[in-house]
Protein chains: 2
Amino acid sequence: MTSPRPRRSPAPQERQRNPERTRQRILEAAAVEFAEHGFAGARTRAIASRAGVNQQLVSYYFGGKEGLYRAMSEQWAQRRDELSPPGSSLPEQLRGYAMETLRNPDGVRMFAWSGLQWTGPDDDPDRDTRTQMLGSGVAHLRALQEAGRLPAELDPVCLEIILMAACMATTTLPHVIEGLVGADPRSPEFVEHYANQVALLARHIGLDD
Amino acid sequence: MTSPRPRRSPAPQERQRNPERTRQRILEAAAVEFAEHGFAGARTRAIASRAGVNQQLVSYYFGGKEGLYRAMSEQWAQRRDELSPPGSSLPEQLRGYAMETLRNPDGVRMFAWSGLQWTGPDDDPDRDTRTQMLGSGVAHLRALQEAGRLPAELDPVCLEIILMAACMATTTLPHVIEGLVGADPRSPEFVEHYANQVALLARHIGLDD
DNA sequence: GGCGTTGTCAATCAGATGATTACTTGACTG
DNA sequence: CAGTCAAGTAATCATCTGATTGACAACGCC
């Protein structure tokens, strides 16, 4: 069986047709715009323009703005799923999550938007994969608790939520940070410092392995 | 001196003029809509309709959508400033902040939106009052630290940010919560439980007085 | 009671926005 | 090489959105 797209000449011109690449470009542009402005604030024209394609292609490939948003959400969910959590110990892992603001600012922002835009369990395509992923984290905490490393009266679910909110703070509370530290809350310096502090606190709670 | 508004018949009809009441109604309706949909998602028509007044009055009193948003932000900043922090000990205070989701869901939501919509120190009318308020919290933490109740290597500013993010989680991460606990994340039962857990964690860190 | 001021409204506008239509271009097939 | 279908585009549309206009009715003042 030969390759599905022979493409005699590898890439003589960039003007060739390439539906998959076009699709992908739209998805990438959509991620940037949605991450920056949220669903209501994003503009289909801006997405098409950023992708360098005609606006109609958004309808052609995704059936409109809403379909594009859904498709992009699913792609990001999948991508996040593939991403193996960095770090070995739990504090190191949390440090990694807090650093995600630098590696993948759009993804974190998208996630933050989705929380405020959330209206209910339905129309949340990401729900199941996300829950499964977080559930494993909760299981980890619960195991730590049963091993006596964590106070019995602490609810592992709530702790997971607290830690998650903490890791996202550089994205969700930039105005607070700017006011308190007087510097750009997204600067690598501060994000790294903050991530270290999150890890430190986690250790102080007793989340070391 | 007599009353400024004599109003011969006390309230024969509600159709009487009352600019101040109208202004206030618009502001209240704006708070609800902006809290629900954010700035980009809120509709001037919906605000006017909710306030039960003509849409034009938004321009008449506030000079348009943006002016209304600013005015409402300032009003809420002021209202929050008046609101004395409940609770005596720091964990109790944090518990109170986490419970704010029930007492004042719109206020918390507005604050969460403002973080994602934030573009820079400018165009942030709330900045100074907010920073001042948070600064006092940081000072409190720093005092605790200097008294040896808190590890020296912890940055009080980062700790404050972490705690704040944790207190807002029932608003910022409803999708996560729904997935993990399978219940309405805004239900009084869960919010109270979560607030207790935040306070518990604070105690466990050593933030007791 | 007359009169200017001010609060309120209905009607409407210009621009933006997401979607649709009809057309062109390119690639594969027999 | 004709034919067919997929990929892409330009032009246009209907609707929505925030803002403006002009009328007018309630109020304060004399």
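The notes below deal with the structure included here. (Residues numbered from 1 in each chain as written. Chains lettered and ligands numbered in written order. Predicted model: local features only at pLDDT ≥ 70, side-chain atom pairs only at ≥ 80, totals over all residues. Heavy atoms only, no water.)

Core analysis: the largest hydrophobic core is formed by 79 residues, its most contacted members being I161, Y194 and L207 of chain A together with I161, Y194 and L207 of chain B. Among the elements that make up this core, the one with the highest residue count is helix α8 (residues 156–167) of chain A (10 residues). Those residues in contact with L207 of chain A that lie beyond four places of it in its chain are L90, P91, L94, L141, L144, L150, L159, L163 and A202 of chain A. (Core = buried A, V, L, I, M, F, W, Y, C linked by side-chain atoms within 4.5 Å. Buried < 20%, exposed > 50% of the residue type's maximum accessible area, 1.4 Å probe, protein only. Helix = DSSP H or I, 4+ residues; strand = E, 2+ residues; numbered from the N terminus. Contact = heavy atoms within 4.5 Å.)

It is worth spelling out the protein's contact with DNA strand C at this point. Contacts to DNA strand C come from 21 residues, most closely from R17 of chain A together with R17, T22, Y60 and Y61 of chain B. For DNA strand C, the fraction of atoms within 4 Å of the protein that belong to sugar or phosphate moieties is 49%. Contact distances for DNA strand C include 2.8 Å between a base nitrogen and a side-chain N or O atom of R45 of chain A. For the surface near DNA strand C, the elements supplying multiple residues, two or more each, are α2 (44–51) and α3 (56–62) of chain A together with α1 (19–41) and α3 (56–62) of chain B. Looking at the surface near DNA strand C element by element, the count peaks at 4 residues for α3 of chain B. Each residue belonging to the surface near DNA strand C can be placed in one class, and the counts come to 6 nonpolar, 9 polar and 6 charged. (Near = heavy atom within 4 Å. Polar contact = N/O pair within 3.5 Å; in protein donor to acceptor, adjacent residues only side chain to side chain. Nonpolar A, V, L, I, M, F, W, Y, C, P; charged D, E, K, R; others polar.)

So, about the state of the cysteines. As enumerated under the stated definition, the model contains 0 disulfides over all chains in all. C158 of chain B takes part in no disulfide bond, and the closest cysteine sulfur to it belongs to C167 of chain A, at a distance of 12 Å. Judged by relative accessible area, which is 0%, C158 of chain B ranks as buried. (Disulfide = S-S within 2.5 Å.)

Of all residues adjacent to DNA strand D, which total 20 residues, the nearest are R17 and Y61 of chain A together with R17, R43 and R45 of chain B. The sugar and phosphate moieties of DNA strand D supply 45% of its atoms located within 4 Å of the protein. Here a phosphate oxygen of DNA strand D sits 2.9 Å away from a polar atom, N or O, in the side chain of T22 of chain A. Residue Y61 of chain A places a side-chain N or O atom 2.4 Å away from a phosphate oxygen belonging to DNA strand D. When residues of the surface near DNA strand D are traced back to their parent elements, those giving at least two are α1 (19–41) and α3 of chain A together with α2 (44–51) and α3 of chain B.

Unusually for a residue other than glycine, D123 of chain A sits at a positive phi of about 45 degrees. One can find D123 of chain A in the loop between α6 (105–117) and α7 (127–146).

Take the pattern of salt bridges next. Side-chain pairs of opposite charge can arise whenever the charged atoms involved come near each other. All names here are of chain A. The final tally for this structure, using the stated rule, is 18 salt bridges over all chains. Note that E92 is salt-bridged to R203, the shortest N-O span being 3.4 Å. Remark: R203 occurs in helix α11 (residues 188–205) and E92 occurs in helix α5 (residues 90–103); sequence separation between them is 111 residues. Residue D128 pairs with R127 through a salt bridge whose shortest N-O separation is 3.5 Å. Linked by salt bridges that have partners in common, E92, R203 and D208 make up one network. (Salt bridge = Lys/Arg side-chain N within 4 Å of Asp/Glu carboxyl O.)

Turning next to the side chain of T172 of chain A. With respect to the helices and strands, the residue T172 of chain A is situated in helix α9 (residues 169–172). Excluding residues within four positions of it along the chain, T172 of chain A makes contact with A112 of chain A together with G115 and L116 of chain B.

Moving on, we get to the packing of aromatic side chains. All names here are of chain A. Counting across every chain of the model gives 13 aromatic pairs over all chains. A centroid spacing of 5.8 Å and a plane angle of 10 degrees characterise the contact between F34 and F39, whose relative ring orientation is stacked. By way of ring pairs, the aromatic residues F34, F39 and Y69 are connected into one cluster. Against the face of F39 rests K65, its NZ or CZ located 4.6 Å from the ring centre. For R79, the ring lying beneath its charged end belongs to W76, and the centroid distance is 5.1 Å. (Phe/Tyr/Trp six-rings, centres within 6.5 Å; stacked < 30°, edge-to-face > 60°. Lys NZ or Arg CZ within 6 Å of the ring centre and 35° of its normal.)

Overlay of chain A on chain B (RMSD 0.1 Å): rotation 180 degrees, translation along the axis 0.0 Å. The transformation relating the two chain copies, once decomposed into turn and shift, fits a two-fold axis. The share of interface residues of chain A whose copies in chain B are also at the interface is 100%, consistent with both copies meeting through the same surface. (Least-squares fit on C-alpha atoms with pLDDT ≥ 70 in both.)

In this section: the interface of chain A and chain B. Interface extent is often summarised as the accessible area lost during association of the parts. In this complex, chain A contributes 56 residues to the contact, which on the side of chain B involves 56 residues. Carbon and sulfur atoms supply 76% of the area buried between chain A and chain B, which totals about 4900 Å² over both sides. In this structure, the connection of chain A to chain B is made through 2 salt bridges. R127 of chain B is the salt-bridge partner of E178 of chain A, the closest N and O atoms lying 2.4 Å from each other. (Buried area = accessible area lost by both parts, 1.4 Å probe.)

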